Amino acid sequence: MPLDPKLLEILVCPLTKGPLTMSADRQELISWSARLAYPIRDGIPIMLVDEARELGIDEERTS
């Protein structure tokens, strides 16, 4: 289930309060400033820092 674009406009990183970028292929919301990826499960973003994965050193911003 795709994430509603309006929801993406209002969501921010809970750690930095910065913008998020959608990674459709991995079903994650990326916070480049925090270097965290928040999972999207069944169309619901899981906006908990404890549930986020740290971005690898080789993962670079592409958008």
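Before any of the text, the structure's been laid out above.
The sections below set out a description of the structure shown in this document.

Definitions and limits used
Residues numbered from 1 in each chain as written. Predicted model: local features only at pLDDT ≥ 70, side-chain atom pairs only at ≥ 80, totals over all residues. Heavy atoms only, no water. Buried < 20%, exposed > 50% of the residue type's maximum accessible area, 1.4 Å probe, protein only. Helix = DSSP H or I, 4+ residues; strand = E, 2+ residues; numbered from the N terminus. Pairing = 2+ DSSP bridges.

1. What about the pairing of strand β3 (residues 36–41)?
Of all six residues in β3, five are buried, a share of seventy percent or more. Between strand β2 (residues 28–31) and β3, which pair antiparallel one after the other, the connecting turn spans four residues, and R35 there sits at a positive phi close to 60 degrees. Two elements, β3 and strand β5 (residues 53–54), share two bridges in a ladder whose sense is antiparallel. Note on β5: the bridge partner recorded for A37 is R53. Of the pairings in the sheet, the one linking β3 to strand β4 (residues 44–45) comprises two bridges and is antiparallel in character. Bridging from a neighbouring strand, I40 pairs with P45 of β4. Taken together, β3 and the strand that follows it, β4, pair antiparallel across an intervening segment of two residues, in which D42 is found at a positive phi of about 55 degrees.

2. Here's the deal with the pairing of β2
Burial of the side chains of β2 extends over both faces: E28 and I30 are buried on one face and L29 and S31 on the other. Strand direction decides the pairing type here: strand β1 (residues 21–23) and β2, joined by three bridges, are antiparallel. Directly across from T21, in β2, lies its bridge partner I30. Between the antiparallel neighbours β1 and β2 lie four residues, among them Q27 with a positive phi of about 55 degrees. Pairing analysis gives four bridges linking β2 to β3, with the strands arranged antiparallel.

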